[in-house]
Amino acid sequence: MKIGFLIIDMQKNLLNDQKEVMNVDGACEYINYVAEKIREKNNVVIHIQDVEGASDLHDDSISIIPEIKVEQEDIFIQKVHSNAFWETELEQVLRDQGINLVIIAGFAAEHCVLFTYNGAMERGFKPVILQNGILSTKSDVITQTYRDRNIISYSAIPFIG
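Residues numbered from 1 in each chain as written. Predicted model: local features only at pLDDT ≥ 70, side-chain atom pairs only at ≥ 80, totals over all residues. Heavy atoms only, no water.

Right, let's talk about the overall build of the chain for a bit. When helices and strands are counted, the chain shows 6 helices and 6 strands. Secondary structure elements of the chain, listed N to C terminal, follow the sequence β-α-α-α-β-β-α-β-α-β-α-β. What you see for the chain is a C-alpha radius of gyration of 14 Å, in line with the 15 Å of a compact globule of 161 residues. Taking the principal axes of its C-alpha atoms as reference, the chain extends roughly 35 × 30 × 30 Å. Across the chain, every contact between residues at least 6 apart in sequence was considered, and the portion connecting residues at least 24 apart equals 74%. Entry remark: accessible area of the chain is about 8000 Å², with carbon and sulfur atoms responsible for 46%. For the chain, the separation between the mean place of its 14 positive charges and that of its 24 negative charges on side chains is 8 Å. (Helix = DSSP H or I, 4+ residues; strand = E, 2+ residues; numbered from the N terminus. Rg over C-alpha atoms; globule rule 2.2 N^0.38 Å. Contact = heavy atoms within 4.5 Å. Areas by Shrake-Rupley, 256 points an atom, 1.4 Å probe, with all protein chains shown as cover. Lys, Arg positive; Asp, Glu negative; His and termini not counted. Charge placed at Lys NZ, Arg CZ, Asp CG, Glu CD.)

What follows is the structure, encoded as structure tokens:
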């Protein structure tokens, strides 16, 4: 089974003012651990960047926060909609890589994470949410997301793929 790890919207412009309120550092620990394990097994790490409203696609404000470890082999996909599959090359990238299981982490649980999860299901992928790897400005949303969606613990990652 080939795995794709989608890290959604972990960007400076979206998170810099919210880091302490949302425990961004805590989520980044889980995300970085899983990304490392995914890479070790030659699976794929994909950073999804929200560029909606950005006048310059190379602007530092839309770059990934420094707490997220980015490697040269990682893939970057830019989006303008909440669903990272909508009007992007994400589906084709996953199919070209032979990926069928998609692990989703990042910001925001009630928007881009949820809509991308649903988009993965609609396209025939098996999506799971990384437990402790999602963020929201609303604390109750994370609990609801875990309750209503398939989740995976970081500790299971070394045993799959």
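In spatial order, the strands read β3-β2-β1-β4-β5-β6; together these 6 strands make up an open sheet with parallel pairing. The open sheet has two edge strands, β3 (75-79) and β6 (151-152), and neither has a second partner. Across 7 bridges, strand β1 (residues 2-8) lies against strand β4 (residues 99-107) in parallel orientation. Bridge assignment links Phe5 to a residue of β4, and that residue is Ile103. Of the strands in this sheet, β1, β2 (44-50), β4 and β5 (126-135) are in contact with helix α3 (residues 24-40), which crosses β5 at around 140°. Docked against the sheet, helix α5 (residues 109-122) engages β1, β3, β4 and β5, running at close to 165° with respect to β5. (Pairing = 2+ DSSP bridges. Axes fitted to C-alpha atoms, helices over the stretch in contact; angles between N-to-C directions.)

Right, let's talk about the packing of aromatic side chains for a bit. A complete count under the given rule lists 3 aromatic pairs for this structure. With a centroid separation of 5.2 Å and an interplanar angle of 70°, the aromatic rings of Tyr30 and Tyr154 are classed as edge-to-face. Here Tyr30, found in helix α3, pairs with Tyr154, found in the segment after β6; they are 124 residues apart in sequence, far enough to count as distant. Owing to a relative accessible area of 27%, Tyr30 belongs among the partly exposed residues under this scheme. A residue is classified by how much of its surface remains accessible, and Tyr154, at 35% relative accessible area, is partly exposed. (Phe/Tyr/Trp six-rings, centres within 6.5 Å; stacked < 30°, edge-to-face > 60°. Buried < 20%, exposed > 50% of the residue type's maximum accessible area, 1.4 Å probe, protein only.)

Right, let's get into the nonpolar core. Of all hydrophobic cores here, the largest spans 27 residues; its most connected members are Phe5, Met10 and Ile103. Of all the elements in the fold, those that place two or more residues in this core are β1, α3, β4 and β5. Of the residues forming this core, the biggest block, 7 residues, is contributed by α3. Counting residues in each nonpolar core, the second largest holds 25 residues, with Leu90, Cys112, Phe125 and Ile129 among its members. (Core = buried A, V, L, I, M, F, W, Y, C linked by side-chain atoms within 4.5 Å.)

Now for the pairing of β4. Counting buried residues along β4, 8 of its 9 residues qualify, which places the element largely inside the surrounding structure. As judged from the 6 bridges shared by β4 and β5, these two strands associate in the parallel manner. Directly across from Leu101, in β5, lies its bridge partner Lys126. In this region the chain leaves β4, passes through α5 and returns to the parallel neighbour β5; the handedness of that crossover is right-handed. (Right-handed = clockwise from strand over helix to strand, strands pointing away.)

Okay, α5 next. At 3.6 residues per turn, the α-helix brings residues three or four places apart onto the same side. The end-to-end C-alpha separation of α5 is 18 Å, in line with the 20 Å expected for 14 residues at 1.5 Å each. Among the residues of α5, Ala109, Glu110, Cys112, Val113, Leu114, Thr116, Tyr117, Gly119 and Ala120 are the ones counted as buried. Among the structural elements, β1, β3, β4, β5 and α6 (139-148) are those in contact with the buried residues of α5. Just downstream of α5 lies Gly124, where phi reads positive at about 90°. (Expected span 1.5 Å × (residues − 1).)

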